[in-house]
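# Inside the fold
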Amino acid sequence: NIFYVSTGIFQSPVNSGIIKENWSQKNNSSFGKIIKINSLTNKSEIFAKGFRNPQGLFFYKEKLLGTDHGPKGGDEINIIKYNSNYGWPCKSYGILYSKKVDDKNLYPTLDSLKEFEGCKKNVVLFTEPLYAFSNSVGISQGIEYNSNYFYNFKNNLLVSTLKGKSLYRIILNNNNDKIIQMEQIYLKKRIRDLLVTNLGKIVFISDKGFINIIELI
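Conventions and cut-offs
- Residues numbered from 1 in each chain as written.
- Predicted model: local features only at pLDDT ≥ 70, side-chain atom pairs only at ≥ 80, totals over all residues.
- Heavy atoms only, no water.
- Phe/Tyr/Trp six-rings, centres within 6.5 Å; stacked < 30°, edge-to-face > 60°.
- Buried < 20%, exposed > 50% of the residue type's maximum accessible area, 1.4 Å probe, protein only.
- Core = buried A, V, L, I, M, F, W, Y, C linked by side-chain atoms within 4.5 Å.
- Helix = DSSP H or I, 4+ residues; strand = E, 2+ residues; numbered from the N terminus.
- Contact = heavy atoms within 4.5 Å.
- Disulfide = S-S within 2.5 Å.
- Pairing = 2+ DSSP bridges.
- Axes fitted to C-alpha atoms, helices over the stretch in contact; angles between N-to-C directions.

For the structure on display, the rule yields 12 aromatic pairs. Both rings, one in Tyr 145 and one in Phe 153, keep their centres 6.2 Å apart while their planes meet at 80°; by these two values the pair is edge-to-face. For the pair Tyr 145 and Phe 153, a shared accessibility class is recorded, and that class is buried. Between Tyr 149 and Phe 150, the aromatic rings sit 4.9 Å apart at their centres with planes inclined by 90°, giving edge-to-face as the arrangement. Using a relative accessible area of 22% as the deciding quantity, one classes Tyr 149 as partly exposed.

Further remarks concern the nonpolar core. One finds Leu 65, Ile 77, Leu 157 and Ile 170 to be the most contacted residues of the largest nonpolar core, which totals 14 residues. Counting residues per element, the ones that place at least two in this core are strand 4 (54-60), strand 6 (76-79), strand 10 (156-161) and strand 11 (166-172). Looking at which element gives the most residues to this core, the answer is strand 11, with three residues. The contacts of Leu 65, once residues within four sequence positions are left out, are Gly 56, Leu 57, Phe 58, Tyr 60, Ile 77, Asn 78, Ile 79, Ile 80, Leu 130 and Leu 157. Membership of the second largest hydrophobic core comes to 11 residues, among which are Ile 9, Leu 96, Phe 116 and Cys 119.

Mapped onto the elements, Ile 18 comes out in the loop between strand 1 (2-6) and strand 2 (33-38). In the structure, Ile 18 is positioned 70 residues away from Trp 88 in sequence and 8.3 Å away in space, judged by C-alpha atoms. Excluding its chain neighbours within four sequence positions, the residues that come into contact with Ile 18 are Trp 88, Pro 89, Leu 96, Tyr 107, Pro 108, Leu 113 and Phe 116.

With that out of the way, let us pick up the side chain of Asn 176. Of note, Asn 176 is situated in the loop between strand 11 and strand 12 (179-186). Its relative accessible area of 17% is what places Asn 176 among the buried residues. Ignoring sequence-local partners within four residues, the contact set of Asn 176 consists of Tyr 60, Lys 61, Lys 63 and Ile 79.

Inspection of the entire model under this criterion finds one disulfide. The disulfide partner of Cys 90 is Cys 119, and the gap between their sulfur atoms is 2.0 Å. Between Cys 90 and Cys 119, the S-S dihedral sits near -75°, and the bridge is therefore left-handed. With Cys 90 in the loop between strand 7 (84-85) and strand 8 (131-132) and Cys 119 in the loop between strand 7 and strand 8, this pair connects stretches of sequence that are 29 residues apart. We note that Cys 90, like Cys 119, is buried.

Let us now look at the sheet that holds strand 6. One open sheet holds the four strands; their spatial order is 4-5-6-8, and the pairing between them is antiparallel. Of all strands in the sheet, those with a lone pairing partner are strand 4 and strand 8, marking the two edges. Across five bridges, the pairing between strand 4 and strand 5 (residues 63-68) is antiparallel. When the bridges of strand 5 are listed, Phe 59 appears paired with Leu 64.

Looking now at the sheet that holds strand 10. Within the open sheet, the four strands sit side by side as 9-10-11-12. Their pairing is antiparallel. Because the sheet does not close on itself, it has two edges, and the strands there are strand 9 (139-145) and strand 12. Direction aside, neighbouring strands of the sheet carry axes that sit 20° apart on average.

These values are about where atoms sit, not about what they do.
As structure tokens, then:
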């Protein structure tokens, strides 16, 4: 009866998505948020905020996880916690589209963003991502794999990417709050969604709606 929905800022990527309206930090806007919906009471609430362009939303070991696109790099895997702020646009591990890696001031400082609501230095505590990619992988969906079909994958987290055209197999610690190992599996396709069949085969949807099955041969 409980549903979670993610929303982005719904703006063109002008200035890397840093917009004066700053919807992601405003509590009177549903943009840049994770929304919790109760279908029995028909009520909803902001569960978490501070997102740029969320993609996947899924459970792993009873924890709600989400993925979010950064600007140029800085794609995130987040453990979504109630009433938490994930920082956009005040804080990011990506860089501005207009910058090169060897440039200075790759991302605006909090001081330069202090006029944006929610970005005042030492006022708001931002929740750190579980992991942030330094390059632009175009992170998409994630899923918990708990089948014996791919035995070595059992209890692992699988995360897909668009630009990276890969599946990432991730092993977390016992508390499921830190990544201890990550393996990139290059599949040559932009992956938009994932699921696991009853037999344990991995199915992914790529661009143009193509359905692909990963199975043993």
